[in-house]
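Notes for the structure review
Here are the chains, one letter per residue:
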Amino acid sequence: MTSEPTAASDGHGDILAELTAVLAGVVHADPDRVDPGQPFPVLGLDSLLTIEFVAAIDQHFGIRIAGADLYTHATPALLAAHLAALRRGADDAPAARDAGAAAAVLQVLRHQLARILHCDPWEIDGGAAFAELGIDSILAADFTAGVNRVYGLSERPVTVHEHPSLAAMAAYIASRTRGAQAPAAPDTPGPAPAAPPAAQQPAHAVAQPQQQPADAVEQSPADAAAKRPALSQEEVLALLDAVRGDRIGVDEAAALLADRPA
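Report on the accompanying structure. (Residues numbered from 1 in each chain as written. Predicted model: local features only at pLDDT ≥ 70, side-chain atom pairs only at ≥ 80, totals over all residues. Heavy atoms only, no water.)

**Some points on the overall build of the protein chain**
Short version of the rule: Each helix corresponds to a stretch of at least 4 residues labelled H or I by DSSP, and each strand to a stretch of at least 2 residues labelled E; elements are numbered beginning at the N terminus. Exposure classes here rest on a 1.4 Å probe applied to the protein chains alone. A residue is buried below 20% of its type maximum, exposed above 50%, and partly exposed in between. In this description, contact between two residues means that some pair of their heavy atoms is separated by no more than 4.5 Å. The protein chains shown are the only cover counted for residues, whose accessible areas, like all others here, come from Shrake-Rupley with a 1.4 Å probe.
The secondary structure content of the protein chain amounts to 11 helices and 0 strands. In the protein chain, the succession of helices and strands from N to C terminus is α-α-α-α-α-α-α-α-α-α-α. Across the 262 residues of the protein chain, 30% fall into the buried class. Across the protein chain, the fraction of contacts at a sequence separation of at least 24, relative to all contacts at a separation of at least 6, is 58%. When the accessible surface of the protein chain is totalled, it reaches about 16700 Å², and 56% of it is carbon and sulfur.

If you want it as C-alpha cells, here you go:
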C-alpha cells in the first residue's frame, strides 16, 4: 500500500512533531506511539475531542481551523501540511480557501452518507471508494438526491461514479458551488407592523368623533330641574317629618326642594 506523504517529506517535520504532541495530549497517548499516517478516529479522536483538538491547535499554532478540516486532512501528516500552507500566508490563500470549502462540503456529504448507511459519520473514510462502502446504484441515487437538495444542484447518480470517493465528490461539489450563497434560512415571522399615524391612514380610517345622543348634551341646572317631577303632598310631609326628627338638615331639605319645579 502506498504510504501517505508526510509533512516531514515536504520540509514540515517541526509542525508535524508539534501537531503530534498536541494530539497526544488531547487523546492522552504517548506522542511516540501516534502514527501520523493513521486517520484521527483511529488515533482516538471522537466528536467531542475534535472540538478540544481544534482549540488546542489554535492555542499552540495561532492558526484557527474548522473541525471540518479534519475530514479533508484526515491524518496528522495531512493536517500538518495544511497548517504549513496556512502559515505560509497570502500566497496560499486561494488554495486554503478551496480546501476549506471542500472540507465544509465533505462534512455535509459524510453526514448525508452516514444517514443512508445508518452509521456514525466518523466511521466513513473520506478517501475510500464508494463501492468499498457498499454504495450500489440505488444508494447512489438516494445519496445524489440528498446532495441536490442541500446544494440546489441537479446532479445525476453517475456523478458518484465519476467522483468515486467522498473526498473527490466534496471537491467537485465545492467547485460547482464556489461563490454561491448557502440556502437562506426560512423567514421568521416578525412583529406585526405598527399602525400608521392618523395622518397617513386613509380618510375613512381616521376615527371620527361619535355623535352623542340628544339627551346627553350638556344641560343647565334649571333645565335639569324642570325635567324632574314636582314633589307630591305626601313627599313634602315626609320631608318635613325628617327635618323635625333631625334625620335631615334644613339645608339639605331646602336643596331637595330647590331641585324640583314649584
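Having seen the structure, we can now continue with the description.
**Quick notes on the side chain of serine 165**
The topology assignment puts serine 165 in the loop between α7 (158-162) and α8 (166-176). With sequence-adjacent residues up to four places away left out, serine 165 is seen in contact with Gly126, Gly127, Ala128, Ala129 and Phe130.

**So, unusual backbone geometry**
Note: most residues except glycine have negative phi, and most peptide bonds are trans. For histidine 28, which is not a glycine, the phi torsion comes out positive at approximately 60 degrees. Position of histidine 28 among the secondary structure elements: in the loop between α1 (13-27) and α2 (47-61). With a phi close to 55 degrees, histidine 118 is a non-glycine residue in the positive phi region. With respect to the secondary-structure elements, histidine 118 resides in the loop between α5 (93-117) and α6 (137-151).

**Focus: the environment of arginine 115**
Among the structural elements, arginine 115 can be located in helix α5. Taking C-alpha positions, arginine 115 is 9.3 Å from phenylalanine 143, a pair spaced 28 residues apart along the chain. Aside from chain neighbours lying at most four places away, what touches arginine 115 is Asp142 and Arg149.

**What to know about the pattern of salt bridges**
To be explicit about the condition: Whenever a carboxyl oxygen of Asp or Glu lies within 4 Å of a side-chain nitrogen of Lys or Arg, that contact is scored as a salt bridge.
Inspection of the entire model under this criterion finds 2 salt bridges. Linking arginine 64 and aspartate 58 is a salt bridge whose minimum nitrogen-to-oxygen distance equals 3.5 Å. Between arginine 176 and glutamate 155 there is a salt bridge whose closest N-O contact spans 2.1 Å. Taken together, the residues span a long stretch of sequence, with arginine 176 in helix α8 and glutamate 155 in the loop between α6 and α7 at a distance of 21 residues.

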